[in-house]
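Descriptive analysis of the structure
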Amino acid sequence: QVQLVESGGGLVQAGNSLNLSCTTSGLDFHLYAMAWFRQVPGKERAVVSTISQSAYNKFYADSMRGRATISRDNTKNTVYLQMNKLKPEDTAVYYCAAGRTVSSYGRNYDYWGQGTQVTVSS
């Protein structure tokens, strides 16, 4: 059974940082591209960042470019998202996802975590 478990969310003040983790099990992690998406109530899930299987290719949404770093550890089956200089508009539920192809579209990902809440206060 494939599982993706996010952690590291929480309540922080604007300007601070968070490091999200997503630990996977039940899949060949090194064969999967990984991504972080976020969603706020009433809006569609939006891509935050993606990383290819080898970590060679990385993508950041405009909203997070320059403030986020995605990484992965294939020995630990884990993907990370370091977010700095957080803003209130970054408040959302953050999801990690695994798919065989790197994509900015959620429909191309096969497996999803349950999400972790990030709340940024002003």
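Counting its secondary structure elements, the protein chain contains 0 helices and 11 strands. Mapped in sequence order, the helices and strands of the protein chain form the string β-β-β-β-β-β-β-β-β-β-β. A globule of 122 residues ought to have a C-alpha radius of gyration of about 14 Å, and the protein chain, at 13 Å, matches this closely. Structurally, the protein chain occupies a C-alpha span of about 40 × 30 × 20 Å along its principal axes. Counting only residues that meet the buried cut, the protein chain has 41% of its 122 residues in that class. The contacts of the protein chain with a sequence gap of at least 6 include a subset with a gap of at least 24, amounting to 58%. Counting only carbon and sulfur atoms, one obtains 46% of the accessible surface of the protein chain, whose full area is about 6,400 Å². Side-chain charges of the protein chain comprise 12 positive and 8 negative groups, with the mean position of each set lying 5 Å from the other.

Below, the discussion takes up the packing of aromatic side chains. Centre-to-centre distance and the angle between the planes together describe a pair of aromatic rings. Applying the stated criterion to the full structure yields 4 aromatic pairs. Here the aromatic rings of phenylalanine 37 and tryptophan 112 are separated by 5.0 Å at their centres, their planes lie at 55°, and the arrangement is tilted. Separated by 75 residues along the polypeptide, phenylalanine 37 in strand S4 (residues 33-39) and tryptophan 112 in strand S10 (residues 111-112) bring together distant segments of the chain. For phenylalanine 37, a relative accessible area of 1% corresponds to the buried category. You can call tryptophan 112 partly exposed: its relative accessible area is 28%. Ring pairs connect the aromatic residues Phe37, Tyr109 and Trp112, which therefore count as one cluster.

Another aspect to go through is the pairing of strand S3 (residues 18-25). Along any regular strand, the residues point their side chains to alternate faces of the sheet. The pairing of strand S1 (residues 3-7) with S3 spans 5 bridges and is classified as antiparallel. What sits directly across from glutamine 3, in S3, is serine 25. In the sheet, S3 pairs with strand S8 (residues 78-83) via 6 bridges, with the strands oriented antiparallel. By the bridge assignment for S8, threonine 23 is matched with threonine 78.

The rules behind each value
Residues numbered from 1 in each chain as written. Predicted model: local features only at pLDDT ≥ 70, side-chain atom pairs only at ≥ 80, totals over all residues. Heavy atoms only, no water. Helix = DSSP H or I, 4+ residues; strand = E, 2+ residues; numbered from the N terminus. Rg over C-alpha atoms; globule rule 2.2 N^0.38 Å. Buried < 20%, exposed > 50% of the residue type's maximum accessible area, 1.4 Å probe, protein only. Contact = heavy atoms within 4.5 Å. Areas by Shrake-Rupley, 256 points an atom, 1.4 Å probe, with all protein chains shown as cover. Lys, Arg positive; Asp, Glu negative; His and termini not counted. Charge placed at Lys NZ, Arg CZ, Asp CG, Glu CD. Phe/Tyr/Trp six-rings, centres within 6.5 Å; stacked < 30°, edge-to-face > 60°. Pairing = 2+ DSSP bridges.

Geometric descriptors of this kind do not, in isolation, establish any biological role.
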